[in-house]
Amino acid sequence: MLDKMKIWKSTKEPDTLDERIEECKSYKIPDHIAIIMDGNGRWANKRALPRIAGHHEGMKTVRPITRLANRLGVKALTLYAFSTENWIRPKMEVDYLMKLPEEFLGTFLPELVEENVQVQMMGERSQIPKHTLKAVDKAIDATKNNTGLVLNFALNYGSRSEILQAAKSFAVKVQNGECSIDELDDEQFSSLMMTHHLGDPDLMIRTSGEIRLSNFMLWQLAYAEFWFTDVLWPDFSEEHLIEAIESYQKRSRRFGGLKSEESQ
Ligand code: FPP
């Protein structure tokens, strides 16, 4: 089977989406992909539509991207749906964004259950409206035994605040005599982050041409490969996800060391 695949690869460039997906699967798939879904507002502006129309279209993009990630065998997909900084947007826009999880999960939860996707959320819960949390918690509960892709919504998430929280909880442990300062290392600190059970992202994608992290997973993205595109999130398609993964697969990750052939 593998030999057949190699021969096929050497003689024919894959062209249909299905062929590219299969080709992609024969190389290392990133275990954890994190996405900054940016450009909804500009997508709407270009069409003289209200910004919320862009968010609605952006919500629709989540479905095919989740399905494809699951099909590829990605273990976790973290989506930056609302940052701790987004509260300063007009109230009407914030209210709308807080309704999107309900709309999305109201429609797609049965499909997520069926496709073995497990929904999770990371972020500060206390400020999130009850109706939003209700929809998210319902989905978390309904999918808790699923073993496929973890679809992790970053909702009211801010990385600096997450890091400060982790630092504070370690300080409390020291104060209570549960551990000593010397015990604090990468592993220990990672275990205090909201992603402790997911592992760090291997690939971070940001759409819309912005080339910055915007307070997203600053600790966890230390060794991730970054892939930026000018495509606005509502236009981000399965082909774009494949393109990002193909680019990831061509890169050599050294984690600060040397490539194996260089170290000989
Ligand atoms: C940034 O684009 C996007 C957001 C602040 C919201 C992202 C949310 C979604 C894509 C929908 C999430 C879906 C679910 C299911 C929760 P922007 O508005 O800043 O775009 P702009 O920079 O062009 O103005």
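Note: the structure precedes this text.
Per chain, the residues get numbers from 1 upward, laid out in the order the sequence is written. It should be noted that, the model being predicted, local features are given only for residues of pLDDT at least 70 and side-chain atom pairs only at 80 or more, the latter also being counted only at that level, while totals for whole chains, interfaces and linings use all residues. The side-chain numbers reported here are obtained from all heavy atoms of the structure, hydrogens and water having been left aside.

**Here we look at helix α5 (residues 91–114)**
The condition is simple: The way it works is that DSSP assigns letters per residue, a run of H or I at least four long becomes a helix, a run of E at least two long becomes a strand, and they are numbered from the N terminus. Here, expected helix span is obtained from the residue count minus one, scaled by 1.5 Å. The term bend refers to the angle at a residue between two fitted axes, each drawn through seven residues, those ending there and those starting there.
With 24 residues, α5 extends 35 Å between its outermost C-alpha atoms, agreeing within 8% with the 34 Å of an ideal straight helix rising 1.5 Å per residue. Of all the bends in α5, the greatest, near 60°, is centred on F108, and the proline P110 appears no more than four residues after it. N116, located one to two residues past α5, shows a positive phi value of around 70°.

**Quick look at a negative patch on the surface**
Under the convention used in this document: Only residues above 30% relative accessible area that lack a salt bridge enter a patch, with like-charged residues linked at up to 9 Å and the nonpolar side chains Val, Leu, Ile, Met, Phe, Trp and Tyr linked at up to 5 Å. Only the protein chains shown count as cover for residues, and all accessible areas are computed by the Shrake-Rupley method using a 1.4 Å probe. Criterion for a salt bridge: a side-chain nitrogen of Lys or Arg within 4 Å of a carboxyl oxygen of Asp or Glu. Neither His nor the chain termini are counted; the positive set is Lys and Arg, and the negative set is Asp and Glu. By convention, charge coordinates are those of NZ in Lys, CZ in Arg, CG in Asp, or CD in Glu.
Among the surface-exposed residues, D182, E183, D185, D186, E187 and D200 lie close enough to one another that they form a single negatively charged patch. Following the sequence through the fold, D186 ends up in helix α8 (residues 186–190).

**A look at the site of the ligand**
Threshold: Being near a molecule or strand, for a residue, comes down to having at least one heavy atom within 4 Å of it. Two N or O atoms form a polar contact when they lie within 3.5 Å of each other; inside protein one atom must be a possible hydrogen donor and the other a possible acceptor, and for residues adjacent in sequence the pair counts only when both atoms belong to side chains. Using protein atoms alone on a 1 Å grid, points that fit a 1.4 Å probe yet trap it form a cavity, whereas open point sets bounded by protein on both sides within 12 Å along at least five of seven lines form a pocket; residues with an atom within 4 Å of a point count as lining. Each molecule is assigned to a cavity or pocket provided more than half of its atoms lie within 2 Å of the corresponding grid points.
By nearness alone, 19 residues border the ligand, and G41, R42, R51, H55 and R89 come closest of all. R89 has a polar side-chain atom sitting 2.7 Å from an oxygen atom of the ligand. Within the complex, the protein chains bury 91% of what would otherwise be the 620 Å² of accessible surface of the ligand. The site holding the ligand turns out to be the largest pocket.

**Concerning helix α9 (residues 238–250)**
Defined as follows: Exposure classes here rest on a 1.4 Å probe applied to the protein chains alone. A residue is buried below 20% of its type maximum, exposed above 50%, and partly exposed in between. Throughout, a residue-residue contact means that at least one pair of heavy atoms, one from each residue, lies within 4.5 Å.
Given a rise of 1.5 Å per residue, 13 residues ought to cover 18 Å, and the 19 Å separating the end C-alpha atoms of α9 matches this to within 8%. Within α9, burial applies to H240, L241, I242, A244, I245, E246, S247, Y248 and Q249. The inward-facing, buried residues of α9 abut α2 (17–25), β1 (32–36), α4 (51–72), β5 (203–206) and β6 (225–228).

**Quick notes on the sheet that holds strand β4 (residues 150–157)**
Definition in use: In short, DSSP must find at least two bridges between two strands for them to pair. Between N-to-C directions, angles span 0 to 180 degrees; the directions come from axes that are lines fitted to C-alpha atoms, helices contributing only their stretch in contact.
One open sheet holds the 6 strands; their spatial order is β3-β4-β2-β1-β5-β6, and the pairing between them is parallel. In the strand order of this sheet, the two ends are held by β3 (118–122) and β6, each with one partner. For this sheet the average axis-to-axis angle between neighbouring strands, irrespective of direction, equals 20°. As paired elements, β5 and β6 share 4 bridges and run parallel to each other. In the sheet register, L203 faces β6, and the bridge partner there is E225. Most of the contacts of α4 go to strand β2 (residues 76–83), to which it runs at about 155°, and overall it touches β1, β2 and β4.

**Looking at empty space enclosed by the protein**
It is the rolling of a water-molecule-sized probe over the atoms that shows where space remains empty. Filter applied, for reference: Grid points are joined across faces, edges and corners, and a volume is the space filled by probe spheres set on the points. Gly is put with the polar residues, along with every residue not named as nonpolar or charged; the nonpolar set is Ala, Val, Leu, Ile, Met, Phe, Trp, Tyr, Cys and Pro, and the charged set is Asp, Glu, Lys and Arg.
If you walk through the whole model with that rule in mind, you get 1 cavity of 30 Å³ or more. Roughly 40 Å³ of internal volume is contained in the largest cavity. Every residue lining the largest cavity is listed: R63, T66, R67, F104, F108, E111, L112 and E115. At 4 residues, the largest contribution of residues to the lining of the largest cavity is made by α5. Of the residues belonging to the lining of the largest cavity, the class tally is 3 nonpolar, 1 polar and 4 charged.

**Considering the packing of α2 against α9**
Formally: By definition in this entry, angles of less than 35 degrees are roughly parallel, angles greater than 145 are roughly antiparallel, angles of 65 to 115 are roughly perpendicular, and the rest are oblique. Should the near helix be turned counterclockwise from the far one by less than a right angle, the crossing is left-handed, whereas a clockwise turn marks it as right-handed.
Two numbers describe how α2 lies on α9: the axes approach to 10 Å, and their chain directions differ by 30°. Of the possible angle classes, the one that applies to α2 and α9 is roughly parallel. Classified by chirality, the crossing of α9 by α2 is left-handed. Listed contacts from α9 to L17, R20, I21 and C24 of α2 are E238, E239, I242, E243, I245, E246 and Q249. Grouping the constituent residues of the contact of α2 with α9 by class yields 5 nonpolar, 1 polar and 5 charged.

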